[in-house]
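Residue strings, one per chain:
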Amino acid sequence: GCGKKATPESLLTDMNKKLEEVKSTEASLALNMEISQEGQTAEINMEMDAETILKTGESHTEGEVGMKILGQSASTEVESYVVKDDDEYVNYMNQQGKWKKEKVDEDDITKPSTDDEFEDSFEKFKLSEDTVKVNDKECFELKGEVSSEIMEYMMSSDMSKEANLDQYLSDEDEDVKVPCTLSIYKDELLPAKVTLDMKEIFGKVSEAADMDIEEFKMEISYSDFNKLKKIEVPKDVLKETEGFGGGLDFDDEDFESNDKKDDGQSGNQSASADV
């Protein structure tokens, strides 16, 4: 309104000030990964919606994880609630209609980062000449690279844990730089979308497994802020999970094969066998 020229520094400073007032977020995550090995290609994708209370780290996530390998495709729906019950955090997780319940260490709950490194990671971003549209709203677009502090924070989020991404980033990756595109809503000056190209960061993992990662991108889009007041676990879920259950690992039967086979491919091998 005062005609101040937008710069990466001013946008990030204003966005961080705005974020201090944000109490809850509603966002979606899309992850696309393609791996090749000895002429065979596997595709993995995930689409998740998430509601989060920032102060407590309580959240509700819901979506689908899918894969395609050896000419077959398979997918499973996942949903989870992480809530604070008295002084403990509890995770309620659904896999193909089966609800399970597990205690969660408070140290594993993702909360807003206030470290200086978080802001410093964006100091060399460049502002695109043209604005972009996210959720039909005009946005500034910044491009650059983020350091391991940002990756560690983002990959420890509930949505990333659904894909077990957080296990791949260790303290040894302090110098890693990840290409990043950040869109900021022009009117609200709040984050609209974050896109990360993680192909290089997983390079050493693929080398150790004798694989090639052709594509690995993660995109987080924010739709609403401060509308969510509370995370509530449905009564039927609470009833089904009375008493604590076992672990939360995927079983083979959790995946439903879509039986899409390419010509010449054997149908005897499960689509999820090597993933």
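## Focus on a negative patch on the surface
Next up, step 1: Together, Glu 47, Asp 49, Glu 62, Glu 64 and Glu 77 line one region of the surface with negative charge.
Next up, step 2: At the level of elements, β2 (40-53) and β3 (59-69) are the ones that each hand at least two residues to the negative patch.
Next up, step 3: Secondary-structure assignment places Glu 47 in strand β2.

## Some details on the packing of aromatic side chains
Next up, step 1: Here the structure, examined in full by the defined rule, presents two aromatic pairs.
Next up, step 2: Arranged with centres 5.9 Å apart and planes meeting at 35°, the rings of Tyr 81 and Trp 99 form a pair that is tilted. Of the two residues, Tyr 81 sits in strand β4 (residues 72-85) while Trp 99 sits in strand β6 (residues 98-104), which places them 18 residues apart along the sequence. No difference in accessibility class separates Tyr 81 from Trp 99, as the two residues are buried.
Next up, step 3: Where Tyr 222 meets Phe 225, the ring centres are 6.0 Å apart and the plane angle is 20°; that geometry is what we call stacked. The same class applies to Tyr 222 and to Phe 225, which are both buried.
Next up, step 4: In this structure, Lys 137 packs its charged tip against the face of Tyr 185, placed 5.2 Å from the ring centre.

Cut-offs applied
- Residues numbered from 1 in each chain as written.
- Predicted model: local features only at pLDDT ≥ 70, side-chain atom pairs only at ≥ 80, totals over all residues.
- Heavy atoms only, no water.
- Patch = residues over 30% accessible without salt bridge, like charges linked within 9 Å, V, L, I, M, F, W, Y side chains within 5 Å.
- Areas by Shrake-Rupley, 256 points an atom, 1.4 Å probe, with all protein chains shown as cover.
- Salt bridge = Lys/Arg side-chain N within 4 Å of Asp/Glu carboxyl O.
- Lys, Arg positive; Asp, Glu negative; His and termini not counted.
- Charge placed at Lys NZ, Arg CZ, Asp CG, Glu CD.
- Helix = DSSP H or I, 4+ residues; strand = E, 2+ residues; numbered from the N terminus.
- Phe/Tyr/Trp six-rings, centres within 6.5 Å; stacked < 30°, edge-to-face > 60°.
- Buried < 20%, exposed > 50% of the residue type's maximum accessible area, 1.4 Å probe, protein only.
- Lys NZ or Arg CZ within 6 Å of the ring centre and 35° of its normal.

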